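As a plain string of letters, each chain reads:
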Amino acid sequence: MIDIVCGGQAGDEGKGKISAYLSYKGSYDYCVRVGGPNAGHTVVKDGKSYTLKNIPSGFLNPKTKLVLGAGAYTKTKWLLDEVNFTGTRDRLIIDPYAVLISDEQTAAEKNAAHFMQHIGSVGTGLGQAVRDRIERRDIKFAKDEPLLKDFIQDVPELLNKSLDNGGHILLEGTQGIKLSLMHGEYPFVTSRDTTASTFLGEAGLGPKSVRDVYVVFKPYITRVGPGPLEHEMTDEKELEIYHTKGHEIGSVSKRLRRIGAFEKRSASRAIMINNCTKIAITHIDMFVGNDRVKRYEDFTPEAKAFLDDLRKLSAEVYPHPEISVISTGPDMEDTLVL
């Protein structure tokens, strides 16, 4: 069976933490990641922080093998640096058709005012690489890089054989519904769709074996670049709390994130389009008094009111998911399972 983790807002919801927790506590044979190095996932374990551009967040479970699908984009040096940092050389598997972003593609993106100023790109070269792939230009695949030859395997065949033998797979998606090229707030979107169905296709998987789709929300929304944001926060003192306690700084861009109110419309679309069966909440500790809470009963009235409102919203949107996981602090273990 397959479980999928998706973003319900504009990215930065905490998909890395939720994926890490599920993998660490679960029995997944493979943790698969798609997407590119423009979207970093952060995991904190025992006070040590790991910011990952490509390695799946499930790396903390030593029994879980780590997979980059054909829908993954990376730069060779960045990837190998992460392999060494996480000590995962013996567990990494890469699809031959994962794309390697070239220095020329990165430079082209950084020099494009449309990408950097109007859209708010973080300048990794991902958008240019996707464009070149769509136009069938001469791009470099993982299978073409000698430094990666030991990691190359046929990922669709590997994963589907595992499913046929009763295997468990965690598919870690990228970014969020507001940034989807197909369903997001165009033109302030990324260069790909960011929903569960596309994540499956990019990994070489189909829908028949999906068990649960987790959609991750924060009690507020953040954006790194331009684009719509309801009731955007402008008070500098309030913003400072989010940028410090909430660590709302882009893990790749290093830019301060803009902060806005929770958007019911975005949440509804994320539940509906992803066919969400379970909801994960992060940053509940940004409501004062909810740090590292161990029991639902101990949440403050403000936090409970938010969760109750989300339950009412979920009751109105198919497939009516339940709140399943709540993050109460930055560490992976600061997690409450309902």
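The structure we're discussing is the one just above.
The written sequence of each chain sets the order in which its residues are numbered from 1. Since the coordinates come from a predicted model, pLDDT governs what is reported: local features require at least 70, and pairs of side-chain atoms require 80 or more to be given and counted, while whole-chain, interface and lining totals use all residues. To obtain the side-chain values, all non-hydrogen atoms of the structure were used and water was disregarded.

K.L.:
Sorry if this is basic, but what is going on with a negative patch on the surface here?
P.N.:
There is a patch of like negative charges on the surface, built from Asp-235, Glu-236, Glu-238 and Glu-240. Its place among the elements puts Glu-236 in helix 8 (residues 236-244). Three exposure classes are used, based on accessible area relative to the maximum for each residue type with a 1.4 Å probe and protein chains only: buried under 20%, partly exposed in between, and exposed over 50%. What makes Glu-236 exposed here is its relative accessible area of 67%. Like-charged residues are merged into a patch within 9 Å and nonpolar side chains (Val, Leu, Ile, Met, Phe, Trp, Tyr) within 5 Å, provided each residue has over 30% relative accessible area and no salt bridge. The protein chains shown are the only cover counted for residues, whose accessible areas, like all others here, come from Shrake-Rupley with a 1.4 Å probe. Whenever Lys or Arg places a side-chain nitrogen within 4 Å of a carboxyl oxygen from Asp or Glu, that contact is recorded as a salt bridge. In this count, Lys and Arg are taken as positive residues and Asp and Glu as negative ones, while His and the chain termini are left out. In plain terms, the charge of a residue is placed at NZ if it is Lys, CZ if Arg, CG if Asp and CD if Glu. The secondary structure listing takes helices from DSSP runs of H or I that are at least 4 residues long and strands from runs of E that are at least 2 residues long, numbered from the N terminus.

K.L.:
Just to check I follow, could you spell out helix 9 (residues 264-274) for this structure?
P.N.:
Regarding helix 9, the residues found buried are Ser-266, Ala-267, Ser-268, Ala-270, Ile-271 and Asn-274. Buried-residue contacts for helix 9 involve strand 1 (2-7), helix 7 (196-203), strand 10 (210-217), strand 13 (278-281) and helix 10 (301-315). Asn-275 sits one or two positions beyond helix 9 and adopts a positive phi of about 55°. We call two residues in contact whenever any of their non-hydrogen atoms come within 4.5 Å of each other.

K.L.:
In this structure, what is going on with a nonpolar patch on the surface? I would like to understand it.
P.N.:
A cluster of nonpolar side chains, contributed by Leu-181, Met-182 and Tyr-186, occupies part of the molecular surface with about 370 Å² of accessible area. Mapping Leu-181 onto the fold places it in the loop between strand 9 (169-172) and helix 7. A residue is classified by how much of its surface remains accessible, and Leu-181, at 34% relative accessible area, is partly exposed.

K.L.:
When you look at the nonpolar core in this model, what are you seeing that I'm missing?
P.N.:
One broad trend across soluble globular proteins is that nonpolar side chains are buried collectively. In plain words, nonpolar cores are sets of buried Ala, Val, Leu, Ile, Met, Phe, Trp, Tyr and Cys residues tied together by side-chain atoms within 4.5 Å. With 43 residues, the main nonpolar core has Ile-4, Phe-217, Ile-281, Ile-284 and Leu-310 as its most contacted residues. By residue number, the principal contributor to this core is helix 10, which donates five residues. Setting aside chain neighbours within four positions, we find Ile-284 in contact with Pro-219, Asn-290, Phe-299, Ala-303, Phe-306, Leu-307, Ile-326, Ser-327 and Thr-328.

K.L.:
Just checking my understanding: could you explain the pattern of salt bridges for this structure?
P.N.:
It is possible for side chains bearing opposite charge to pair when their charged atoms get close. Scanning all chains against the criterion turns up 26 salt bridges. Glu-135 is the salt-bridge partner of Arg-137, the closest N and O atoms lying 2.6 Å from each other. What makes Glu-135 partly exposed here is its relative accessible area of 39%. As a salt-bridge pair, Lys-278 and Asp-212 come within 3.6 Å of each other at their nearest N and O atoms. Residue Lys-278 is located in strand 13, and its partner Asp-212 is located in strand 10; the two are separated by 66 residues in the primary sequence.

K.L.:
Got a minute to help me understand the pairing of strand 2 (residues 30-35) in this structure?
P.N.:
Within a regular strand, side chains alternate between the sheet's two faces. With six of its six residues buried, strand 2 lies for the most part within the structure. Neither face of strand 2 is open: one carries Tyr-30, Val-32 and Val-34, the other Cys-31, Arg-33 and Gly-35, and all of them are buried. Strand pairing requires that DSSP identify at least two bridges connecting the strands. With five bridges joining them, strand 2 and strand 5 (residues 65-74) adopt parallel strand pairing. Each bridged residue has a counterpart across the sheet, and for Tyr-30 the counterpart in strand 5 is Lys-65.

K.L.:
Hey, could you run me through helix 2 (residues 76-86) in this one?
P.N.:
For an α-helix the count is 3.6 residues per turn, leaving residues at separations of three or four pointing the same way. All of the buried residues along helix 2 are Thr-76, Leu-79, Leu-80, Glu-82, Val-83 and Thr-86. Buried positions in helix 2, seen along its axis, are confined to an arc of 155° and lie on one side of it. Helix 2 presents Lys-77 and Asn-84 as exposed residues on the side facing more than 90 degrees away from its buried surface. Once helix 2 ends, the next one or two residues include Gly-87, with phi positive near 65°. Directions pointing from the helix axis toward each C-beta atom define the arc.

K.L.:
Got a minute to help me understand the state of the cysteines in this structure?
P.N.:
As used in these notes, a disulfide is a covalent bond between sulfur atoms, one from each of two cysteines. Only a pair of cysteine sulfur atoms within 2.5 Å counts as a disulfide in this structure description. Tallied over the entire structure, the rule returns zero disulfides. Unpaired in terms of disulfides, Cys-31 finds its nearest cysteine sulfur in Cys-6, a separation of 13 Å. Looking at Cys-31, the relative accessible area reads 0%, which means it is buried. For Cys-276, which is in no disulfide, the shortest distance to another cysteine sulfur is to Cys-6 and amounts to 8.0 Å. Overall, the relative accessible area of 0% leaves Cys-276 in the buried class.

K.L.:
Sorry if this is basic, but what is going on with the environment of His-41 here?
P.N.:
Its location among the elements puts His-41 in strand 3 (residues 41-45). In this structure the C-alpha to C-alpha distance between His-41 and Asn-54, which are 13 residues apart in sequence, comes to 8.3 Å. Beyond its immediate chain neighbours, meaning those up to four positions away, His-41 contacts Lys-15, Gly-16, Arg-33, Tyr-50, Thr-51, Leu-52, Ser-57, Glu-172, Gly-173 and Thr-174. Polar contact is defined as a pair of N or O atoms within 3.5 Å, subject to the rule that within protein one atom must be able to donate a hydrogen and the other to accept it, and that residues adjacent in sequence are counted only when both atoms are side-chain atoms. Side chain to side chain, His-41 and Glu-172 meet in a polar contact 2.4 Å long.

K.L.:
Before we go on, may I ask you to explain the packing of helix 3 (residues 103-110) against helix 5 (residues 126-134) in this structure?
P.N.:
Interhelical geometry of helix 3 versus helix 5 gives an angle of 115° and a closest axis separation of 7 Å. In terms of their interaxial angle, helix 3 and helix 5 are classed as roughly perpendicular. The handedness of the crossing between helix 3 and helix 5 comes out as right-handed. Residues Gln-105, Ala-108 and Glu-109 of helix 3 form the contact with helix 5, whose participating residues are Leu-126, Gly-127, Gln-128, Ala-129 and Asp-132. Three classes are used, and their members are as follows: Ala, Val, Leu, Ile, Met, Phe, Trp, Tyr, Cys and Pro are nonpolar, Asp, Glu, Lys and Arg are charged, and the others, Gly among them, are polar. The residue inventory of the contact of helix 3 with helix 5, partitioned by class, reads three nonpolar, three polar and two charged. Axis definition: a line fit to C-alpha positions, over the contact stretch in the case of helices; interaxial angles, taken between N-to-C directions, run 0 to 180 degrees. Working rule for angles: under 35 degrees goes down as roughly parallel, over 145 as roughly antiparallel, 65 to 115 as roughly perpendicular, anything else as oblique. Helix crossings fall into two classes, left-handed where the near helix is turned counterclockwise from the far one by less than a right angle and right-handed where it is turned clockwise.

K.L.:
Explanation requested: the side chain of Glu-263 in the structure shown.
P.N.:
Along the chain, Glu-263 turns up in the loop between strand 12 (258-261) and helix 9. By relative accessible area, which is 3% here, Glu-263 ends up buried. A polar atom in the side chain of Glu-263 sits 2.9 Å from the side chain of Lys-178. Setting aside chain neighbours within four positions, we find Glu-263 in contact with Lys-178, Glu-185, Ile-221, Pro-228, Leu-229 and Glu-230.

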